[in-house]
Every structure is written in C-alpha cells, then in structure tokens.
Amino acid sequence: MSGTEKSKAHIEQAKGKAKEAMGRMAGNERMTAEGRADQAKGNARHARHAKEDIKDTFRH
C-alpha cells in the first residue's frame, strides 16, 4: 500500500469519526449514519490495500 493510499484511508476514517460525533452531538441521525459510512469506506480501502501488500510480499 502506497503512502498516499494509506493516508487517504486514514483521512476517510478520521473524517467519518468526526462526522459521526458531530451528528450525535447535534442529534442528527443522518449525519451520524454518513459518518459511519465514511468510516466503513476508509476501513474497506485500508483492508483492500493491505491484502494487496500481502500478495506482493509473497510474490517476490
């Protein structure tokens, strides 16, 4: 996983956590759900690239 892809995943996760927290504070369920979705996208991006890194390690 390249450094930029890893940082994109971490940014997406952090943005989702912040959005979820703001949604909870404001009582806005839609914003809370969007925050959870952003976190899930970041987690999926991170997992997908981690899997590719493992494959690359065993290929070489």
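Whatever comes next refers back to the structure up there.
Residues numbered from 1 in each chain as written. Predicted model: local features only at pLDDT ≥ 70, side-chain atom pairs only at ≥ 80, totals over all residues. Heavy atoms only, no water.

### Looking at the overall build of the chain
For step 1, the next point in the chain: What the chain contains, in helices and strands, is two helices and zero strands.
For step 2, the next point in the chain: The 60 residues of the chain split such that 22% are buried.
For step 3, the next point in the chain: With an accessible surface of roughly 4,500 Å², the chain has 57% of that area assigned to carbon and sulfur atoms. (Helix = DSSP H or I, 4+ residues; strand = E, 2+ residues; numbered from the N terminus. Buried < 20%, exposed > 50% of the residue type's maximum accessible area, 1.4 Å probe, protein only. Areas by Shrake-Rupley, 256 points an atom, 1.4 Å probe, with all protein chains shown as cover.)

### Quick look at the pattern of salt bridges
For step 1, the next point in the chain: Inspection of the entire model under this criterion finds seven salt bridges.
For step 2, the next point in the chain: Between E12 and R45 there is a salt bridge, with its nearest N and O atoms 3.2 Å apart. Residue E12 is located in helix α1 (residues 3–26), and its partner R45 is located in helix α2 (residues 29–59); the two are separated by 33 residues in the primary sequence.
For step 3, the next point in the chain: Given a relative accessible area of 13%, E12 falls into the buried group.
For step 4, the next point in the chain: Residue E34 pairs with K19 through a salt bridge whose shortest N-O separation is 3.6 Å. On the criterion of sequence distance, the pair formed by E34 in helix α2 and K19 in helix α1 is long-range, its members being 15 residues apart.
For step 5, the next point in the chain: Overall, K19 belongs to the partly exposed group, its relative accessible area being 27%.
For step 6, the next point in the chain: Here the residues in one salt-bridge network are K19, R30, E34, D38 and K41, joined through shared partners. (Salt bridge = Lys/Arg side-chain N within 4 Å of Asp/Glu carboxyl O.)

### Concerning the side chain of Q13
For step 1, the next point in the chain: Inspection of the secondary structure puts Q13 in helix α1.
For step 2, the next point in the chain: Those residues in contact with Q13, other than ones at most four positions away along the chain, are Q39, G42, N43 and H46. (Contact = heavy atoms within 4.5 Å.)

Remember, this is a structural readout, not a statement about activity or role.
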